[in-house]
2 protein chains.
Amino acid sequence: MNFNKTTEYSLRILGFMSIEEDKIYSAEVLNENLEIPFRYLRKQLTKLSNNGLLTSYRGKSGGYMLSKPSKEITLWDIIEVTEDIDHTHQCIFGFEDCAFGQRCAIHHKWEKIQEAINEMLKDTTLEELKRIGPQRFISQHNLMLTKNV
Amino acid sequence: MNFNKTTEYSLRILGFMSIEEDKIYSAEVLNENLEIPFRYLRKQLTKLSNNGLLTSYRGKSGGYMLSKPSKEITLWDIIEVTEDIDHTHQCIFGFEDCAFGQRCAIHHKWEKIQEAINEMLKDTTLEELKRIGPQRFISQHNLMLTKNV
DNA sequence: CACAAATGACACCTTTAGGTATTATTAACC
DNA sequence: GGTTAATAATACCTAAAGGTGTCATTTGTG
């Protein structure tokens, strides 16, 4: 009952980038601030670009920037890219025809929760994540660095 | 954002068994009624037994039975066996220290949903699943059989 | 134009969840 | 007690998610 690592990473990346949303961030910089394996981070960034969440700038002094104002990017938008299953209507038993056919006994309960989740995801924008503040992310990194001192 | 197959299967198994909760069901019978690969089903059943949700009877005319009245087994009990992560307090960003340390901006929203889920899981017992009725499960199977006619 | 510093594409490796196969053990029933 | 029909244990296989490595392409700048 949680999101996969790819979603987690994407939320972290975009959350961090929304702190200064007009800035171009290189993969290098993101790697220094977020705890995500460098190659995988790179892969993710290209994916997020290809799916229109980021604009990428190639060549020297290139990098990535949010493609839209942070307040126009919802968590839902992000998750649509990173989780490929349809999570709007799913039967807790995993029966194919449950969502639209015969309902299982606890379907209504489960549906209510799904709706609450979806609503939350659609209502929450990256703007809201700014409040995390840079120190939130950076502290993680420093923690690792200071260990080596 | 959903449960793994193992959880799904377990809910299906126990849901089906709660229809006639005093009956002993063999793996064979369960396999005829639920769409779960036989070997994997067997494995699951042993696991559910080892974790106290089912009582197993070995030898001829053996099988499995709910270890407690269905109204005393919650979905939570089941999920505790089948999903090994701690899903009570998790940061949507996957930061280790988020749950009890510095909170991320949307943590409270996420926490509310988690609580709703947990509450639902703890409140719902297998008793409630009886209402699915046998035809709910069996129809799935018949669907496959009739295809071959 | 050449070099350096960035991303893009694509193939490959690793770990884990999901699924199989085999052999051992148990217990009812003749 | 032997046979048969069930579960138990354990090891192995497979597919998909997570993670790496290499080389090509782009672009700012001396």
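Conventions adopted
- Residues numbered from 1 in each chain as written.
- Chains lettered and ligands numbered in written order.
- Predicted model: local features only at pLDDT ≥ 70, side-chain atom pairs only at ≥ 80, totals over all residues.
- Heavy atoms only, no water.
- Near = heavy atom within 4 Å.
- Polar contact = N/O pair within 3.5 Å; in protein donor to acceptor, adjacent residues only side chain to side chain.
- Helix = DSSP H or I, 4+ residues; strand = E, 2+ residues; numbered from the N terminus.
- Axes fitted to C-alpha atoms, helices over the stretch in contact; angles between N-to-C directions.
- Parallel < 35°, antiparallel > 145°, perpendicular 65-115°, else oblique.
- Contact = heavy atoms within 4.5 Å.
- Nonpolar A, V, L, I, M, F, W, Y, C, P; charged D, E, K, R; others polar.
- Core = buried A, V, L, I, M, F, W, Y, C linked by side-chain atoms within 4.5 Å.
- Buried < 20%, exposed > 50% of the residue type's maximum accessible area, 1.4 Å probe, protein only.
- Pairing = 2+ DSSP bridges.
- Lys, Arg positive; Asp, Glu negative; His and termini not counted.
- Salt bridge = Lys/Arg side-chain N within 4 Å of Asp/Glu carboxyl O.
- Left-handed = near helix turned anticlockwise from the far one by under 90°.

If you check the shell around DNA strand D, you find 26 residues, and the closest are A:R39, A:K43, A:R58, B:A27 and B:S56. Of all DNA strand D atoms lying within 4 Å of any protein atom, the proportion belonging to sugar or phosphate reaches 60%. Contacts to DNA strand D include A:G59, whose backbone N or O atom sits 3.2 Å from a base oxygen. Measuring from a phosphate oxygen of DNA strand D, one finds a backbone N or O atom of B:A27 at 2.8 Å. Secondary structure elements with two or more residues in the surface near DNA strand D: α1 (5–17) and α3 (38–50) of chain A together with α3 (38–50), β1 (54–57) and β2 (63–66) of chain B.

Residues in contact with DNA strand C amount to 25 residues; listed here are only the nearest, A:R42, A:S56, B:R39, B:K43 and B:R58. Close to the protein, within 4 Å, the atoms of DNA strand C are drawn from sugar and phosphate at a rate of 59%. With respect to DNA strand C, the backbone of A:A27 contributes an N or O atom lying 2.9 Å from a phosphate oxygen. Contact distances for DNA strand C include 2.8 Å between a phosphate oxygen and a side-chain N or O atom of A:S56.

Turning our attention to the packing of helix α1 (residues 5–17) of chain B against α3(B). A packed helix pair is summarised by two numbers, namely the angle formed by the two axes and the spacing between the axes. All names here are of chain B. Contact pair α1 / α3: the axes reach a minimum separation of 11 Å and the direction vectors enclose 75°. In this view, α1 runs roughly perpendicular relative to α3, as classed from their interaxial angle. Of the residues in α3, those touching α1 at T6, Y9, S10, I13 and L14 are Y40, L41, Q44, L45 and L48. A breakdown of the residues in the contact of α1 with α3 according to their chemical character gives seven nonpolar, three polar and no charged.

With 66 residues, the main nonpolar core has A:I13, A:L30, B:I13 and B:L30 as its most contacted residues. The residues contacting A:L30, other than those within four sequence positions of it, are A:I13, A:F16, A:M17, A:Y25, A:L41 and A:L45.

Within the secondary structure, B:T124 is located in the loop between α5 (107–123) and α6 (126–129). B:T124 sits 51 residues away from B:I73 along the chain, and the two C-alpha atoms are 8.4 Å apart. Beyond its immediate chain neighbours, meaning those up to four positions away, B:T124 contacts A:I106, A:K109, B:I73, B:T74 and B:L75. Within the structure, B:T124 has its side chain in polar contact with the side chain of A:K109 (distance 2.8 Å).

Further remarks concern the pairing of β2(B). Residue and element names in this part refer to chain B. Every second residue of β2 is oriented toward a common face, with G63 and M65 on one face and Y64 and L66 on the other, all of them buried. Bridge count between β1 and β2: four bridges; the pairing is antiparallel. Across the sheet, residue L54 finds its bridge partner in β2, namely L66. The antiparallel hairpin formed by β1 and β2 contains five residues in its connecting segment, where G59 sits at a positive phi of about 80°.

Residues and elements named next belong to chain A. Its location among the elements puts E83 in the loop between α4 (75–82) and α5 (107–123). Although buried, E83 forms no salt bridge, and the nearest oppositely charged side chain, K47, lies 9.8 Å from it. A distance of 3.0 Å separates a polar atom in the side chain of E83 from the backbone nitrogen of N4. Within the structure, E83 has its side chain in polar contact with the side chain of T7 (distance 2.7 Å).

Let us now look at the side chain of A:E21. Residue and element names in this part refer to chain A. Its place among the elements puts E21 in the loop between α1 and α2 (27–33). In terms of polar contacts, E21 uses its side chain to reach the side chain of S70, at 2.8 Å. E21 has contacts with M65, L66, K68, P69, S70 and K130, leaving out every residue within four places of it along the chain.

Okay, the packing of α1(A) against α4(A) next. Residue and element names in this part refer to chain A. As a packed pair, α1 and α4 sit with axes 9 Å apart at the nearest point and diverge in direction by 140°. As far as their axial angle goes, α4 and α1 are oblique. The way α1 lies across α4 gives a crossing that is right-handed. Here T6, T7, S10, L11 and L14 of α1 lie close against α4, whose contacting residues are L75, I78, I79 and T82. Here the residues of the contact of α1 with α4 are counted per class, giving five nonpolar, four polar and no charged.

This part takes up unusual backbone geometry. Residues and elements named next belong to chain A. Within the chain, S61 stands out as a residue other than glycine whose phi angle is a positive 55°. Its location among the elements puts S61 in the loop between β1 (54–57) and β2 (63–66). Since its relative accessible area comes to 69%, S61 is described here as exposed.

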